[in-house]
Amino acid sequence: MRIGVIGGGAWGTALAQVAARGGSEEVLLWAREAQVVESVNLRHRNDLFLPQVPLSPSIRATRELGDLADMQALLVVAPAQHVRAVLSETPVGDTPLVLCAKGIEAGTKLLVGEVAHQVAPRAPLAVLSGPTFAHEVAAGKPTAVTLACEDEGLRTRLAERLAGPAFRTYGSGDLVGAEIGGAVKNVLAIACGVVEGAGLGLNARAALIARGFAEMTRFGLARGAQAETLTGLSGLGDLVLTCSSTNSRNFSLGLGLGQGKQAAALMADRKTVAEGAFTAPVLREAARDAGIDMPVTRAVNDLLEGAPVARVIEELLSRPLREELQ
Ligand SMILES: NC(=O)c1ccc[n+]([C@@H]2O[C@H](COP(=O)([O-])OP(=O)(O)OC[C@H]3O[C@@H](n4cnc5c(N)ncnc54)[C@H](O)[C@@H]3O)[C@@H](O)[C@H]2O)c1
Ligand SMILES: O=P(O)(O)OC[C@H](O)CO
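Residues numbered from 1 in each chain as written. Chains lettered and ligands numbered in written order. Predicted model: local features only at pLDDT ≥ 70, side-chain atom pairs only at ≥ 80, totals over all residues. Heavy atoms only, no water.

Participant: Give me the UniProt feature "binding site: sn-glycerol 3-phosphate" (unreviewed entry) in the protein chain: which residues, what numbers.
Facilitator: The sites that carry the UniProt feature "binding site: sn-glycerol 3-phosphate" (unreviewed entry) are, in the present numbering, Lys-102, Gly-130, Thr-132, Lys-185, Asp-238, Ser-248, Arg-249 and Asn-250. As for the annotated residues, the ones lining the largest cavity are Lys-102. Checked against the element boundaries, Lys-185 lands in helix α7 (residues 175-197). Since its relative accessible area comes to 4%, Lys-185 is described here as buried. With residues near it in sequence (within four places) discarded, Lys-185 still touches Lys-102, Met-216, Asp-238, Leu-239 and Thr-242. As for its position among the elements, Asn-250 is in helix α11 (residues 249-258). When residues no more than four places from it in sequence are discounted, the contact partners of Asn-250 are Asn-186, Ala-189, Ile-190, Ala-274, Glu-275, Gly-276 and Ala-277. (UniProt positions renumbered as here; feature names shortened; annotations may be inferred. 1 Å grid on protein atoms, 1.4 Å probe; cavity = no way out; pocket = protein on both sides within 12 Å on 5 of 7 lines; lining within 4 Å. Helix = DSSP H or I, 4+ residues; strand = E, 2+ residues; numbered from the N terminus. Buried < 20%, exposed > 50% of the residue type's maximum accessible area, 1.4 Å probe, protein only. Contact = heavy atoms within 4.5 Å.)

Laid out in structure tokens, this is it:
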């Protein structure tokens, strides 16, 4: 199966490395930046987004989306807010799309799979998601992901093509569940970073992970996700990873907010994406539309909009007491 990767950021590059299988398979990586294309092709590195990892020489990079025309599967790894624009210019046809971005589209409130279906209605869809820091995957450290696809045959072919000794895929038929975990955990990771930045302690972080997971579950079930998917790698697994480490861009953004810095300043000159900052407002809106209570998500939005940390925390803690299982 010839694999093309759409998006030459850290995650697209790491997945290209996985698909190259140590150099035994050719992989075509589309990147937006000339610097990425040049460094991958000439030096087998991604100097801009994943500088620390030497890449397989069988990864070739291009800036032309048209070059992806004869691929047999495309991994979609552009940031969620750009998937529509990039896919619209890609010759997809009926090539399977494996969606690897984590987010909800602003304005439409659509998951990435729903966007892909609008743009490329003939393409079979799969979702690859889980606790996956790109630099660890690219370096060959053991990692496990959810690979969701309704078509069992395609799911098996993708798993056989992408899985390796240090990259385990766990199959699922629940695309929506696999997507919602990754999208919502990015917002909750910002909240966990705030807890760290404001020095609120480890009890608070554990409480936030548990209550954040309750929010993810409420939202996910309302959108048709299966509860088991949300407790799996792409939901709880990824939430635990990103809520525990400054390697997470979302957690780091929250850390700065917790220290009293303004979101605009923290976002101003970063070239990497903190998806949670873009998903947070649309998640709050989608939850409000559906009558789903998501207080942590609301608090993250308040902080992103400049509310003082102390006030936001005080508001969260002074809400009326409730039953845990409500
Ligand atoms: N980095 C990780 O560890 C990781 C792991 C799993 C999933 N993801 C997800 O993968 C997706 C991509 O993240 P990343 O970490 O590879 O990105 P990154 O932060 O490393 O790089 C930013 C990316 O955004 C792209 N970009 C910026 N503006 C764009 C535009 N206008 N149109 C198209 N692309 C544009 C850049 O070309 C680059 O590929 C995100 O949804 C992220 O949540 C990342
Ligand atoms: O750095 P983050 O916060 O975008 O997290 C990266 C991955 O999504 C972790 O699974």
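Participant: So, the site of ligand 1: which residues are in play, and what are the values?
Facilitator: Among the 23 residues in the neighbourhood of ligand 1, the closest are listed as Ala-10, Trp-11, Glu-33, Val-273 and Glu-275. For ligand 1, a nitrogen atom lies 3.3 Å from a polar atom in the side chain of Arg-32. Taking Glu-275, its side chain carries an N or O atom lying 2.5 Å from an oxygen atom of ligand 1. For ligand 1, whose unbound accessible area comes to 820 Å², protein coverage reaches 88%. Of the pockets mapped on this structure, ligand 1 occupies the largest pocket. Among the elements that make up the shell around ligand 1, the one with the highest residue count is helix α1 (residues 10-20) (three residues). Residues that form the shell around ligand 1 fall into these classes: 11 nonpolar, six polar and six charged. Three or more residues apiece are contributed to the shell around ligand 1 by two domains, here domain 1 (3-173) and domain 2 (181-317). (Near = heavy atom within 4 Å. Polar contact = N/O pair within 3.5 Å; in protein donor to acceptor, adjacent residues only side chain to side chain. Areas by Shrake-Rupley, 256 points an atom, 1.4 Å probe, with all protein chains shown as cover. Sits in = over half its atoms within 2 Å of the grid points. Nonpolar A, V, L, I, M, F, W, Y, C, P; charged D, E, K, R; others polar. Domains from an automatic or database assignment.)

Participant: Let's hear about the domain arrangement of the protein chain: which residues, and what values?
Facilitator: Domain annotation of the protein chain identifies domain 1 (3-173) and domain 2 (181-317). The distance between the C-alpha centroids of domain 1 and domain 2 comes to 25 Å. If you look at the interface, domain 1 gives 25 residues, while domain 2 gives 27 residues. The interface formed by domain 1 and domain 2 includes four salt bridges. At the boundary of domain 1 and domain 2, one finds eight residue pairs in polar contact (both at pLDDT 80 or more). A total of three residues in the side of domain 1 that touches domain 2 trace back to one element, the largest contributor, which is strand β7 (residues 143-149). Each residue belonging to the side of domain 1 that touches domain 2 can be placed in one class, and the counts come to 13 nonpolar, eight polar and four charged. (Salt bridge = Lys/Arg side-chain N within 4 Å of Asp/Glu carboxyl O.)

Participant: Describe the site of ligand 2, and please don't skip the residues or the numbers.
Facilitator: All residues in the neighbourhood of ligand 2 are listed as Lys-102, Gly-130, Pro-131, Thr-132, Lys-185, Asp-238, Leu-241, Thr-242, Asn-247, Ser-248, Arg-249 and Asn-250. At a separation of 3.2 Å, an oxygen atom of ligand 2 approaches a polar backbone atom of Gly-130. Structurally, ligand 2 is housed in the largest pocket. Looking at the shell around ligand 2 residue by residue, the classes come out as two nonpolar, six polar and four charged.

Participant: Would you mind going over the layout of surface pockets in detail, with residue names and values included?
Facilitator: Gaps left between atoms show up when a probe the size of a water molecule is rolled over them. Approximately 1200 Å³ is the volume attributed to the largest pocket. Lining of the largest pocket is provided by 48 residues; of these, Gly-9, Ala-10, Arg-249, Thr-272 and Val-273 occupy positions nearest its centre. Of all the secondary-structure elements, those providing two or more residues to the lining of the largest pocket are α1, α3 (83-88), α5 (134-138), α7, α10 (233-242), α11 and α13 (275-290). Split into classes, the residues belonging to the lining of the largest pocket amount to 22 nonpolar, 17 polar and nine charged. Each of domain 1 (3-173) and domain 2 (181-317) contributes no fewer than three residues to the lining of the largest pocket. Taken as a whole, the second largest pocket spans an internal volume of roughly 640 Å³. As for the second largest pocket, its lining consists of 23 residues, and the residues nearest its centre are Arg-211, Val-296, Leu-316, Leu-317 and Arg-319. The set of elements that each furnish at least two residues to the lining of the second largest pocket consists of α7, α8 (202-222), α14 (295-304) and α15 (309-317). Ranked by residue count, the leading element in the lining of the second largest pocket is α8, at six residues. Here the residues of the lining of the second largest pocket are counted per class, giving 18 nonpolar, no polar and five charged. (Points joined across faces, edges and corners; volume = space filled by probe spheres on them.)

Participant: Pulling in residues and values, what's your account of helix α4 (residues 112-119)?
Facilitator: For an α-helix, the turn length of 3.6 residues means that residues three or four places apart are oriented alike. Of the positions making up α4, those classed as buried are Val-112, Gly-113, Val-115 and Ala-116. With its buried residues spanning 160° around the axis, α4 presents them on a single face. On its buried face, α4 sits against α3, β5 (97-99), β6 (125-129) and α7. (Arc of directions from axis to C-beta.)

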